[in-house]
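Structural characterization, general
Take a look at the letters that make up each chain.
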Amino acid sequence: MKVVSLLFITLLLIFSGEAFAADGGKIFKDKCSLCHGTQGEGTPLGPSLKGNEFISKGKAEDIRKVILEGRTGPAKKYPKIVIDMPKVPMPDADANALVTHLKGDLQK
């Protein structure tokens, strides 16, 4: 019985990071797709993120900062888009997963 319990705990520890990892694609769908489009293609409310050089070539920390702090006033990059990029508060793990999704899967 002790061996089975030890094996179970070991497997739980090994796979817990994967099981509880934030899903960047789901976060994008839930928090970003309304303005940036379901595939990151852009809408009148937000620029295209697919093929966007800031996303594809930019530093992860810079992208993360824009997500968490938004872009308004003089920091606003797309003047033809009528709304500002709002702050999107989220846990660090979610922000990191979202950036990974933006730079990876969304660029394919």
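Right above here is the structure, for reference.
Residues numbered from 1 in each chain as written. Predicted model: local features only at pLDDT ≥ 70, side-chain atom pairs only at ≥ 80, totals over all residues. Heavy atoms only, no water.

**Some details on the overall build of the protein**
- Along its length, the protein carries 6 helices and 0 strands.
- Reading the protein from its N terminus to its C terminus gives the helix and strand order α-α-α-α-α-α.
- Across the protein, contacts joining residues at least 24 apart in sequence account for 52% of those joining residues at least 6 apart. (Helix = DSSP H or I, 4+ residues; strand = E, 2+ residues; numbered from the N terminus. Contact = heavy atoms within 4.5 Å.)

**A few points about helix α6 (residues 92-103)**
- In this model α6 runs 16 Å from its N-terminal to its C-terminal C-alpha over 12 residues, within 8% of the 16 Å that 1.5 Å per residue would give.
- All of the buried residues in α6 are A95, A97, L98, V99, H101 and L102.
- Next to the buried residues of α6 lie α2 (24-31), α4 (53-57) and α5 (60-69). (Expected span 1.5 Å × (residues − 1). Buried < 20%, exposed > 50% of the residue type's maximum accessible area, 1.4 Å probe, protein only.)

**Topic: the nonpolar core**
- Within the largest apolar cluster, 15 residues are counted, with the highest numbers of intra-cluster contacts made by F28, L49, I63, I67, M90, L98 and L102.
- Contributing elements (two or more residues each) for this core: α2, α5 and α6.
- The greatest single-element share of this core, amounting to 5 residues, is contributed by α6.
- Beyond its immediate sequence surroundings of up to four residues, I63 is in contact with F54, I55, G58, V99, L102 and K103. (Core = buried A, V, L, I, M, F, W, Y, C linked by side-chain atoms within 4.5 Å.)

**Topic: α2**
- For α2, the complete set of buried residues consists of G24, I27 and F28. All buried residues of α2 project into a common sector of 100° when viewed along the axis, lining one side. Facing away from the buried side of α2 by over 90 degrees, the exposed positions are K29 and D30.
- The secondary structure elements touched by the buried residues of α2 are α3 (33-36) and α6.
- By the N-cap criterion, in which a side-chain oxygen at the helix start approaches the backbone nitrogen of a residue two or three places on, α2 is capped by D23, the distance to G25 being 3.0 Å. (Arc of directions from axis to C-beta. Polar contact = N/O pair within 3.5 Å; in protein donor to acceptor, adjacent residues only side chain to side chain.)

**Quick word on the pattern of salt bridges**
- What the rule picks out here adds up to 4 salt bridges.
- A salt bridge links D92 to R64, with the shortest nitrogen-to-oxygen separation between them at 2.5 Å. Placement of D92 in helix α6 and of R64 in helix α5 is noted, with a sequence separation of 28 residues between them.
- Given a relative accessible area of 13%, R64 falls into the buried group.
- Residue K76 is joined to D84 by a salt bridge in which the shortest nitrogen-to-oxygen separation is 3.7 Å. (Salt bridge = Lys/Arg side-chain N within 4 Å of Asp/Glu carboxyl O.)

**A look at a nonpolar patch on the surface**
- A contiguous nonpolar surface patch, about 260 Å² in accessible area, is contributed by L45, V82 and I83.
- Here V82 lies in the loop between α5 and α6.
- On the basis of relative accessibility, which here comes to 70%, the residue V82 falls in the exposed class. (Patch = residues over 30% accessible without salt bridge, like charges linked within 9 Å, V, L, I, M, F, W, Y side chains within 5 Å. Areas by Shrake-Rupley, 256 points an atom, 1.4 Å probe, with all protein chains shown as cover.)

Read these as layout, nothing more, since geometry by itself doesn't imply function.
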